[in-house]
Amino acid sequence: MNKKAIAAAVSAAALAATMAGCSGGADAASAGSNTTNCTNKIVHADAPKVSVWAWYPNMATVVDNFNNSHTDVQVCWTVAGQGGPEYAKFQTAIQAGKGAPDVIMLEADQLTGFELQNALVDLSKYGAGDVKKNFSAGSWKDVSQGDSVYAIPVDGGPMGMIYRKDVLDKYGIKPPTTWAEYETAAQKVKDAGGPAFGDLGSNVPAALTALMAQKGAVPFTYDLADQKNISIHLDSQPAKDVLNYWAALVKKGLVATQDQFTTDYISGMIGGKYATYISAAWAPGYLTGSGVGKGNEKGTFAAAPLPQWDPSNPVSVNWGGSTLAVTSQAGDQKLAAEVAKGLYADDASLTDGWKTQTIFPLNQNVLKSDAFTNNAVDFFGGQTANKDIYIPAENAYKGFSYSPFSVYYYAQLQAETVKINAGKVSGDEAATELQGIMVNYAKSQGFTVN
């Protein structure tokens, strides 16, 4: 199958998989340079305008910061949905050949599928290299293919472990530093009649994939320069080890199986139903911004590094994070690239983002600043979690090789996790099933699987 056919097959399947999990979102702005549906105020009416789709809670502030400081270009911003709903609308615009914005916010794990469809602009020819120094090697790898750069990083999710100090103190447990210690601690709490030590939510496949990578799994190897070929190793021993580990915790009743990002889960986390939360640097904002807590949970929690398999060889992994990409439908690609590089990159916007716990910024100008590094995080009772946990984790992150069909893969991993949680399959069996499903799917889309 040729390149065009592969892209078409991937796009159709991605759209179907994405829309299946969509909830509604705001209507999109008009296509490309048509910026009649701006959510924000245009400060300099005579300046050329660049349309942007982005969903972060403080985007209104970010866009105002940009427009107030630029006379040469103005951003026309619209929310086209958060995550999946936006991707579905973008996919529809790609297939129609119109309707996309000039600049779009995309999670890093979604870039490859859109790159394959020629829907994104290679920013290396528009000065992306000028800002490369602002980011860690790992975060830059996530937006790159060889010498090509398809997006500018905004924020990320270096992973760590949030824990309830009161629960661990009650049972005389120190924050586990290895996964073996984690299981031992979980058993001790269970034996004493305490809460679930953690949670294996089926609806967080990206987090589970990151944990596989921490063990050494490389689920996918894909190079845009060799578009027909892909390597899939979802049944590697490291992947099986991770799935078996969590399956065993579930079987022993040491961790819960509640879906995350729900009111029940958040209230349970805040209320002490779970002793730990294996998550990312953005998690405190997610918990405090939910409206579920009453404020007295602050100081109850602390952060620790992600438990390791081999403490002598620690591995940092990432969950989540977004980028700004220029679409191939942009009316002025060079001008749109300037917006992608400059929007959410100024000190005021980045500071607002991390102080409100909306984002964990990837810009090294922030990561090296005294204010961010030494910030006493209120949610963690004044702990300097950035300096102690999240900045080291981000700077040690090496990047990840994403597949061209992340949406479909996540749906299949979620289905296998449901089976694990129900005791219907072992970790080995889930890995074998997942491998077969994804190999068959890739072949059906025209790929040669190595």
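For the structure itself, look to the data block above.
Values in this document were obtained by computation on a predicted structure and should not be read as measured data.

Asks: Mind showing me how you'd approach the overall build of the chain here?
Replies: Tallying secondary structure elements over the chain gives 18 helices and 15 strands in all. The 450 residues of the chain split such that 56% are buried. In the chain, 77% of the contacts between residues at least 6 apart in sequence involve partners at least 24 apart. When the accessible surface of the chain is split by element, carbon and sulfur atoms take 49% of a total near 17600 Å².

Asks: Can you walk me through the pattern of salt bridges in this structure?
Replies: A side chain of one charge can pair with a side chain of the opposite charge if their charged atoms are brought near each other. Summed over all chains, the structure comprises six salt bridges. Note that arginine 164 and aspartate 166 form a salt bridge whose closest N and O atoms lie 2.9 Å from each other. Where glutamate 416 meets lysine 419, a salt bridge forms, and the shortest distance between an N and an O atom there is 3.7 Å. A residue pair is termed a helical-turn pair when its members lie 3 or 4 positions apart in one helix, as glutamate 416 and lysine 419 do in helix H17 (residues 406-421) at three residues. The class of glutamate 416 is buried, set by a relative accessible area of 3%. Within the structure, one salt-bridge network assembled from shared partners comprises Glu416, Lys419 and Glu433.

Asks: Got a minute to help me understand the packing of H17 against helix H18 (residues 427-444) in this structure?
Replies: When two helices pack together, their arrangement is given by the angle between the helix axes and by the axis-to-axis distance. One way to put it is that H17 packs onto H18 with a least axis distance of 10 Å and a crossing angle of 155°. By the angle between their directions, the pair H17 and H18 is classed as roughly antiparallel. Remark: the crossing between H17 and H18 carries right-handed chirality. Across the interface between the two elements, Tyr408, Tyr409, Gln412, Leu413, Glu416, Lys419 and Ile420 of H17 pack against Ala430, Glu433, Leu434, Ile437, Met438 and Tyr441 of H18. Of the residues assigned to the contact of H17 with H18, the class counts are nine nonpolar, one polar and three charged.

Asks: Would you mind going over the state of the cysteines with me for this structure?
Replies: In a disulfide, the sulfur atoms of two cysteines are covalently bonded to one another. One pass over the full model with this rule turns up one disulfide. Each sulfur in the disulfide pair cysteine 38 and cysteine 76 lies 2.1 Å from the other. The chirality of the disulfide connecting cysteine 38 with cysteine 76 is left-handed, given an S-S dihedral of about -120°. Remark: cysteine 76 occurs in strand E2 (residues 74-78) and cysteine 38 occurs in the loop between helix H1 (3-20) and strand E1 (49-53); sequence separation between them is 38 residues. For cysteine 38, a relative accessible area of 24% translates into the label partly exposed.

Asks: Quick question: what am I supposed to make of the packing of helix H7 (residues 179-191) against helix H9 (residues 237-251) here?
Replies: Running from N to C, H7 and H9 point in directions that differ by 5°, and their axes come no closer than 11 Å. Overall, the two elements H7 and H9 adopt an arrangement that is roughly parallel. Counted together, Trp179, Tyr182 and Glu183 of H7 and Tyr245, Trp246 and Leu249 of H9 form the full contact between these two elements. Partitioning the contact of H7 with H9 into residue classes produces five nonpolar, no polar and one charged.

Asks: What is the right way to read the packing of aromatic side chains from this model?
Replies: Tallied over the full model, the rule gives 32 aromatic pairs. Ring centres of tryptophan 179 and tryptophan 246 lie 5.8 Å apart, and the angle between their planes is 70°; this geometry places the pair in the edge-to-face category. Here tryptophan 179, found in helix H7, pairs with tryptophan 246, found in helix H9; they are 67 residues apart in sequence, far enough to count as distant. Residue classification places tryptophan 179 among the buried positions, given a relative accessible area of 2%. Aromatic side chains tryptophan 179 and tryptophan 309 sit 6.2 Å apart centroid to centroid with 40° between the ring planes, which places their arrangement in the tilted category. Of this pair, tryptophan 179 sits in helix H7 while tryptophan 309 is found in the loop between strand E13 (301-305) and strand E14 (322-326), placing the two residues 130 residues apart along the sequence. Taken together, the ring pairs connect Phe220, Tyr222, Phe405, Tyr408, Tyr409, Tyr410, Tyr441 and Phe447 into an aromatic cluster. The side chain of arginine 164 reaches across the aromatic face of phenylalanine 301, ending 5.1 Å from its centre. The ring of tryptophan 309 is capped by lysine 215, whose NZ or CZ atom sits 5.2 Å from the centre of that ring.

Thresholds, definitions, all that
- Residues numbered from 1 in each chain as written.
- Predicted model: local features only at pLDDT ≥ 70, side-chain atom pairs only at ≥ 80, totals over all residues.
- Heavy atoms only, no water.
- Helix = DSSP H or I, 4+ residues; strand = E, 2+ residues; numbered from the N terminus.
- Buried < 20%, exposed > 50% of the residue type's maximum accessible area, 1.4 Å probe, protein only.
- Contact = heavy atoms within 4.5 Å.
- Areas by Shrake-Rupley, 256 points an atom, 1.4 Å probe, with all protein chains shown as cover.
- Salt bridge = Lys/Arg side-chain N within 4 Å of Asp/Glu carboxyl O.
- Axes fitted to C-alpha atoms, helices over the stretch in contact; angles between N-to-C directions.
- Parallel < 35°, antiparallel > 145°, perpendicular 65-115°, else oblique.
- Left-handed = near helix turned anticlockwise from the far one by under 90°.
- Nonpolar A, V, L, I, M, F, W, Y, C, P; charged D, E, K, R; others polar.
- Disulfide = S-S within 2.5 Å.
- Phe/Tyr/Trp six-rings, centres within 6.5 Å; stacked < 30°, edge-to-face > 60°.
- Lys NZ or Arg CZ within 6 Å of the ring centre and 35° of its normal.

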